[in-house]
Amino acid sequence: MADLPSPAQLRRQAVVANDLGLHVRPAAKIAALAKAALGRVWIEVHGERVDAKDPLEIVSLMAPQGTEMTIGIETRQDADILVRIVRLIEDGFRNRVND
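So, a few notes on the structure that sits alongside this text. Keep in mind that this is a model prediction, so the values were computed, not measured.

1. Let's talk about helix 3 (residues 79–90)
Between its first and last C-alpha, helix 3 extends 17 Å over twelve residues, near the 16 Å set by a 1.5 Å rise per residue. Buried within helix 3 we find I81, L82, I85, V86, L88 and I89. Looking straight down helix 3, one finds that the buried residues subtend no more than 160 degrees of arc, so they occupy a single side. Buried residues along helix 3 sit in contact with strand 1 (11–15), helix 1 (24–34), strand 2 (41–45) and strand 4 (68–73).

2. A look at helix 1
Every buried residue of helix 1 is listed here: P26, A27, I30, A31, L33 and A34. An end-on view of helix 1 places all buried positions within 160 degrees of arc, on one side of the element. Opposite the packed face of helix 1, turned more than 90 degrees from it, sit the exposed residues V24, R25 and A32. In this fold, the buried residues of helix 1 make contact with strand 2, helix 2 (55–59) and helix 3.

3. Here's the deal with unusual backbone geometry
Of note, H46 is a non-glycine position whose phi angle comes to about 50 degrees, a positive value. Secondary-structure assignment places H46 in the loop between strand 2 and strand 3 (48–51). Even without a glycine there, the phi angle at M62 is positive, about 45 degrees. On the secondary structure map, M62 appears in the loop between helix 2 and strand 4. For M62, a relative accessible area of 69% corresponds to the exposed category.

Rules used throughout
- Residues numbered from 1 in each chain as written.
- Predicted model: local features only at pLDDT ≥ 70, side-chain atom pairs only at ≥ 80, totals over all residues.
- Heavy atoms only, no water.
- Helix = DSSP H or I, 4+ residues; strand = E, 2+ residues; numbered from the N terminus.
- Expected span 1.5 Å × (residues − 1).
- Buried < 20%, exposed > 50% of the residue type's maximum accessible area, 1.4 Å probe, protein only.
- Arc of directions from axis to C-beta.
- Contact = heavy atoms within 4.5 Å.

Structural data, given as structure tokens:
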């Protein structure tokens, strides 16, 4: 039997650091990263789960600064994308040279 990742390895928590919250421009950055994933990528806030590949769905979460969110991936192959999305959220949506 293959070594399957635990559910915890496919989900990460992040807190919105940007003082303007999660608005259109950061949502587009998240969606661009998520679109590179092989499987589904989702974001959940207060029990509402949306497709992270769709910036309009992301914006619909209405997540101000300080909002805790869960980011999840469907497959282990997308773990790097999960890490990059979490880093983007926690860094206030600033661009990083090595992303």
